[in-house]
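# Structural overview for review
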Amino acid sequence: MRLLMKFGGTSVGDGERMRRVAEIIAHSRQDGNELAVVVSAMTGVTDQLIGMALEVANGVRKPPIDPFIDSLRERHRKALEVAAPDLVNEVGTTMDERLESLKNIFNAVFNLSELTPRSRDYIISFGERLSAPILSAALRHQGVPSQVLDGCEAGIVTTPNHGDALAIHSCEARIKGRVAPLLSISVPVIMGYMGCTERGVVTTLGRSGSDYSATIVGAAIGADEIWIWTDVDGVMTSDPRLIKDARVVPSISYLEAMELSYFGAKVLHPRSLEPAMRKDIPIRVKNTFNPGYPGTLVFREGRVDTRVVKAITLIDKVALVNVTGVQMIGRPGVAKTIFAALADKDVNIMMISQGSSEANISLIIEESHLENALEALSAVHKSGYFREVASDRDVVAIAVVGAGMAGTPGIAGRIFTALGAACINIVMISQGSSEANISLVVKTAEGVKAVQILHDEFRLAEVPDE
Ligand code: ADP
Ligand code: ASP
Ligand code: MG
């Protein structure tokens, strides 16, 4: 089989884990598979880079750049020493060069007091620039020929939207041309999360974007399957960090996985489904720390479980925006004006709901977009389309997901009855037209309780009888 394997941050969090990952890859290759690998930054490193970039750009006094670089060096060097002791000198030199240029960039950003989206992307791609050489060395240490490619070298060409770039379709041939010929002779280790524009400027694909890198490359090289290795046993009925009796879903459709990831199931990046779906390539989600477990298979027909509701997700870091006013009633163009103004300010709308009186439109947006949204709406307000705009950051969105919900009556009733019985107030409701999810908004303090109640209501902790 031709496989694309992607390893997330926790899977490569230290030298021992890198070694374990290299073993998984080596075994799969011994079994006769051809493999390309996509790897994330070591866990926490991207967050640290983002934090330091902001500090450097906004700081009046110079932040501790040198100690920061030293701590990165120490962590990565330690991992290298454990994962590939015989390659410390060779790979350590590459790492040192990269760290030196990162230090220079931080100093330049501080001196200019300006962090452009372009330099921010370059900075945050260093997590992967440092982790990939270690994994590749770990493979070579175990006798597997391997080489490192950054996202751009692998042929991932993107739109210029820094921080949230999209792969352009025409890069498929380029990726295939660059990666596929390597597979018979080695295991290419590709840095996830990054690509570059047509002109070679580095871009990143959005947080958790290595999953997306994986499916872009997997689709381009015609992989038989794409394996996403992470720190849980598969896609689960809810986030196991919140819901203790969450259970692994053995199989799930692309559509369901997309709804789940869009509504906060961090295990897969929402955009990662599309390239695989387009080429009908199954995605397997597996646990690096429990490799014998089959995990979850995401594919077109995925529907082993006959229950209509498959999973419940919770998404925090959202904000509610309420636009109200009787002047909205029966007036054409209000929604258009509101949405156009928000789009112009790059506000991503996650949920929309409008009461039939039309005197109110409620929106759920990413919390980080709230300032832009309020600015955009205050400009529209001047033209008298509505009376007032209110916002609330103290909310979470919950999605009840399952492709079988389409056309099954009574699901919404069960949701609202169960939450009502627990005295949980629902702030907003919305159903996607795919009917694969019903989403609702509650106050933050009631979020986890609401998810647990719905998880119980749909008996998701129980193994379904087939
Ligand atoms: P990686 O570093 O491997 O990319 P992530 O942290 O991005 O891993 O994603 C894995 C995490 O996603 C899990 O540890 C789990 O807490 C979280 N998660 C949220 N919802 C779900 C879900 N429905 N199924 C599985 N994991 C989930
Ligand atoms: N390292 C990046 C992040 O933390 C990409 C990823 O892990 O998928 O967002
Ligand atoms: Mg992830």
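Above this note sits the structure.
Okay, so let's go over this structure. (Residues numbered from 1 in each chain as written. Chains lettered and ligands numbered in written order. Predicted model: local features only at pLDDT ≥ 70, side-chain atom pairs only at ≥ 80, totals over all residues. Heavy atoms only, no water.)

## Considerations on the state of the cysteines
- Per the stated rule, a full pass over the model turns up one disulfide.
- Here Cys 152 connects covalently by a disulfide to Cys 196, the sulfurs 2.0 Å from one another. Linking Cys 152 and Cys 196, the disulfide has an S-S dihedral of approximately 65° and is accordingly described as right-handed. One end of the pair, Cys 152, is in the loop between strand E3 (146-149) and helix H7 (171-179); the other, Cys 196, is in strand E5 (residues 194-196), with 44 residues separating them in the sequence.
- With a relative accessible area of 24%, Cys 152 lands in the partly exposed category.
- Take Cys 196: its relative accessible area is 5%, and that puts it in the buried class.
- Unpaired in terms of disulfides, Cys 171 finds its nearest cysteine sulfur in Cys 196, a separation of 9.3 Å. (Disulfide = S-S within 2.5 Å. Helix = DSSP H or I, 4+ residues; strand = E, 2+ residues; numbered from the N terminus. Buried < 20%, exposed > 50% of the residue type's maximum accessible area, 1.4 Å probe, protein only.)

## Quick word on unusual backbone geometry
- The backbone of Asp 346 sits at a positive phi, close to 60°, despite the residue not being glycine.
- Topologically, Asp 346 is positioned in the loop between helix H11 (334-344) and strand E12 (349-354).
- For Asp 346, a relative accessible area of 62% translates into the label exposed.
- Of note in this structure, Arg 459 is not a glycine but carries a positive phi near 50°.
- Within the secondary structure, Arg 459 is located in the segment after helix H14 (447-457).

## Considerations on the pattern of salt bridges
- Following the criterion strictly, the structure yields 26 salt bridges and no others.
- A salt bridge links Lys 279 to Glu 172; the nearest nitrogen and oxygen atoms lie 3.1 Å apart. Placement of the pair is Lys 279 in helix H10 (residues 273-279) and Glu 172 in helix H7, with a sequence separation of 107 residues.
- Given a relative accessible area of 37%, Lys 279 falls into the partly exposed group.
- Taken together, the salt bridges that share partners define one network made up of Asp 70, Arg 73, Arg 77 and Asp 96. (Salt bridge = Lys/Arg side-chain N within 4 Å of Asp/Glu carboxyl O.)

## Topic: the environment of Leu 112
- Of note, Leu 112 is situated in helix H4 (residues 88-112).
- Sequence spacing of Leu 112 and Ala 57 is 55 residues, and the spatial spacing of their C-alpha atoms is 7.9 Å.

## Digging into the nonpolar core
- Ranked by internal contacts, the top residues of the largest apolar core, which has 58 residues, are Phe 7, Ile 25, Leu 49 and Phe 106.
- Top element by residues in this core is H4. It accounts for nine residues.
- Apart from the residues lying within four places of it in its own chain, the contact partners of Phe 106 are Leu 49, Met 52, Ala 53, Val 56, Ile 65, Phe 68, Ile 69 and Ile 123.
- Membership of the second largest hydrophobic core comes to 55 residues, among which are Ile 190, Ile 216, Ile 364 and Ala 399. (Core = buried A, V, L, I, M, F, W, Y, C linked by side-chain atoms within 4.5 Å. Contact = heavy atoms within 4.5 Å.)

## Comments concerning the packing of aromatic side chains
- With the rule as written, the count across this model stands at four aromatic pairs.
- For the pair Trp 227 and Trp 229, a centre-to-centre distance of 6.0 Å together with 50° between the ring planes defines the contact as tilted.
- Taking relative accessible area as the criterion, Trp 227 reaches 15% and is therefore assigned buried.
- For Trp 229, a relative accessible area of 2% translates into the label buried.
- Taken together, the aromatic side chains of Phe 7, Trp 227 and Trp 229 make up a single cluster linked through ring pairs.
- Seen from the ring of Phe 126, Arg 129 lies directly overhead, with NZ or CZ sitting 5.6 Å from the centre. (Phe/Tyr/Trp six-rings, centres within 6.5 Å; stacked < 30°, edge-to-face > 60°. Lys NZ or Arg CZ within 6 Å of the ring centre and 35° of its normal.)

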